[in-house]
Every structure is written in C-alpha cells, then in structure tokens.
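For reference, the chains in residue letters:
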Amino acid sequence: MKPLDHLEHLDKHLVDELAQVARETVREELREQTRKQRRKAALYAASGALALYAGAALALAVGLALALGLPDWAAALITAVILGALAYVLRGMARPSRPGAGHTAGAAPGGDGARRTAAEAVGGMPYPPVPPAPPGGSAAPGPVPPRPAGDPDVPRRGM
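Per an unreviewed UniProt entry, the chain is named Phage holin family protein, and its organism is Streptomyces tibetensis.

Pasting the structure below:
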C-alpha cells in the first residue's frame, strides 16, 4: 500500500462537498433573483390592470360628455371610433421600422403615411444625415485600391 492511497478518499470527499456547496450557493442565488423578478412582474401586472381601468373610465367619460349633445348611440359610436383610431396609431408606433419596407425602387417618398415612423412624423430623419465632406478636411477622397480577383462579392461573368 502506498502512503498516499488513504488520501484519495479524502480528496474525493472534498470534491463532492465542494460541488454540493457550489450547487446550494447557485440555487440560493437563483431563488433570490427569481423572488425579485416575481415581485417586479406582479407590480407591472397590477400597473397594467390599473391603466386598463383608467382608460375605460376615460372612455366612459368621453362617451358621457358626447351624450350630452348627441343621441346615446352616436356618442358610443364616436367613442369607439376614437379608441379604434388610437389603437391603430399605437400599434403602428409599436412595430419596429424595417429599412427595406418603405424604400422600394418605385415608391414616392412619404407615399405610405401609415408606415412612417415617429421620428419622421415629428420632422426628424430615420438615420443620421451624411456629412457633405469626409472628416479630416480633405475634399477629395484618396485612391481606392482595386478589389482582389478572388473576392466573393465580385460577380464572375463568362467563366
């Protein structure tokens, strides 16, 4: 029997104990993070529910105000149209703008008003403007090196 054979058992026991401590530490950390996220999600849900009720109360107030001078059915119809238009506008603002969608070859600029982004509606541009001259002060750009012959972007013709 070698003098270090009895230490193999201790070494294995130490590794098992270390792995168990690491698992318990990670498990407790995940529980704490989950507890915080669960509380935050519950607060967001409560906020959303209250906002829904506030919107319903506002719609009711608009309908009742319109009902003072109009028949009840007309006030309800106008309120529904206003809410539908607001929902349509909000849905359009929530969609991410796709750069290729409104920039087709034959499209007139600003032809599709429903696809304009919020920045364009305010007067801004969807991308930063291009400067008239390159930075560095020189008006003419330097020579452009030729592309290598084996470049995959260059189409091959007649080969």
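Text resumes after the structure shown.
The next thing to look at is the side chain of Thr 79. With respect to the secondary-structure elements, Thr 79 resides in helix H2 (residues 72-94). Setting aside residues no more than four positions away along its own chain, Thr 79 makes contact with Ala 59, Val 62, Gly 63 and Leu 66.

Once that is clear, we can look at a nonpolar patch on the surface. On the surface, Leu 58, Val 62, Leu 70, Ile 78, Ile 82, Leu 83 and Leu 86 cluster together into a nonpolar patch covering about 570 Å² of accessible area. Broken down by secondary-structure element, the contributors of at least two residues to the nonpolar patch are helix H1 (5-67) and H2. With four residues, the single largest contributor to the nonpolar patch is H2. With respect to the element layout, Val 62 can be found in helix H1. With a relative accessible area of 31%, Val 62 lands in the partly exposed category.

Definitions and limits used
- Residues numbered from 1 in each chain as written.
- Predicted model: local features only at pLDDT ≥ 70, side-chain atom pairs only at ≥ 80, totals over all residues.
- Heavy atoms only, no water.
- Helix = DSSP H or I, 4+ residues; strand = E, 2+ residues; numbered from the N terminus.
- Contact = heavy atoms within 4.5 Å.
- Patch = residues over 30% accessible without salt bridge, like charges linked within 9 Å, V, L, I, M, F, W, Y side chains within 5 Å.
- Areas by Shrake-Rupley, 256 points an atom, 1.4 Å probe, with all protein chains shown as cover.
- Salt bridge = Lys/Arg side-chain N within 4 Å of Asp/Glu carboxyl O.
- Buried < 20%, exposed > 50% of the residue type's maximum accessible area, 1.4 Å probe, protein only.

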